[in-house]
Amino acid sequence: MRDEVDELVEAWARERADLDLEPVAVFSRITRLARHLDLARRAAFTAHGIESWEFDVLAALRRAGAPYELSPGRLLRETLVTSGTMTNRVDRLAARGFVERYPDPEDRRGVIVRLTREGKTAVDAAFEALLVAEQALLADLPAREQKKLAALLRTLLAPYA
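We now turn to the structure provided with this report.

Analysis parameters
- Residues numbered from 1 in each chain as written.
- Predicted model: local features only at pLDDT ≥ 70, side-chain atom pairs only at ≥ 80, totals over all residues.
- Heavy atoms only, no water.
- Helix = DSSP H or I, 4+ residues; strand = E, 2+ residues; numbered from the N terminus.
- Buried < 20%, exposed > 50% of the residue type's maximum accessible area, 1.4 Å probe, protein only.
- Polar contact = N/O pair within 3.5 Å; in protein donor to acceptor, adjacent residues only side chain to side chain.
- Contact = heavy atoms within 4.5 Å.
- Phe/Tyr/Trp six-rings, centres within 6.5 Å; stacked < 30°, edge-to-face > 60°.

### A short note on the environment of L80
Secondary-structure assignment places L80 in the loop between helix 4 (72-79) and helix 5 (83-95). What makes L80 exposed here is its relative accessible area of 75%. Along the chain, L80 and D56 lie 24 residues apart, while their C-alpha atoms are 9.8 Å from each other.

Laid out in structure tokens, this is it:
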């Protein structure tokens, strides 16, 4: 089976036979797959009335387990955004009724962000839709090959963790 990346690599090989083009073969495919994943994520989230950034914050809270709460600092680490950005996001999610803030019982100056029932319902529905979309992206790859791919990608990402 051939794809457009094969053609791209062949064209470069013709023009620059002196270069090792294996990285192009790998990363051009990852880039194309990432685009399809991004579109699938947006569609899954839009179908459930949330945006990608909202999902990221709500999912961090949901993964925390009951009572689905985190400090703003922990949310920053989970979502990799700045403090100002997180404050804005929590404000907007609170206005939608997806999260609530309450004083941190261990730090008088701090707050805790908690997922509401509405937020939990929204993130669960969006996550289920996302899984369906991701399963569709992987449908042509047997389960054994999916596990192999996950392991290879884990190895590739390890230096950045």
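### So, the side chain of S28
Mapped onto the fold, S28 is located in helix 2 (residues 22-46). Within the structure, S28 has its side chain in polar contact with the backbone oxygen of V24 (distance 3.0 Å). If we skip the residues at most four places from it in the chain, S28 touches V5, L8 and P23.

### A closer look at the packing of aromatic side chains
Enumeration according to the criterion identifies 2 aromatic pairs in this entry. Geometrically, the ring pair formed by F45 and F55 is stacked, given 4.3 Å between the ring centres and 20° between the ring planes. Highlighted residues: F45 in helix 2 and F55 in helix 3 (residues 52-63), separated in sequence by 10 residues. Judged by relative accessible area, F55 falls into the buried class, the value being 6%. Between F55 and F127 the ring centres are 6.4 Å apart and the planes differ by 20°, which places this aromatic pair in the stacked class. With a gap of 72 residues between them, F55 in helix 3 and F127 in helix 6 (residues 117-138) connect regions that are remote in the sequence. The exposure class of F127 is partly exposed, given its relative accessible area of 42%. Taken together, the aromatic side chains of F45, F55 and F127 make up a single cluster linked through ring pairs.

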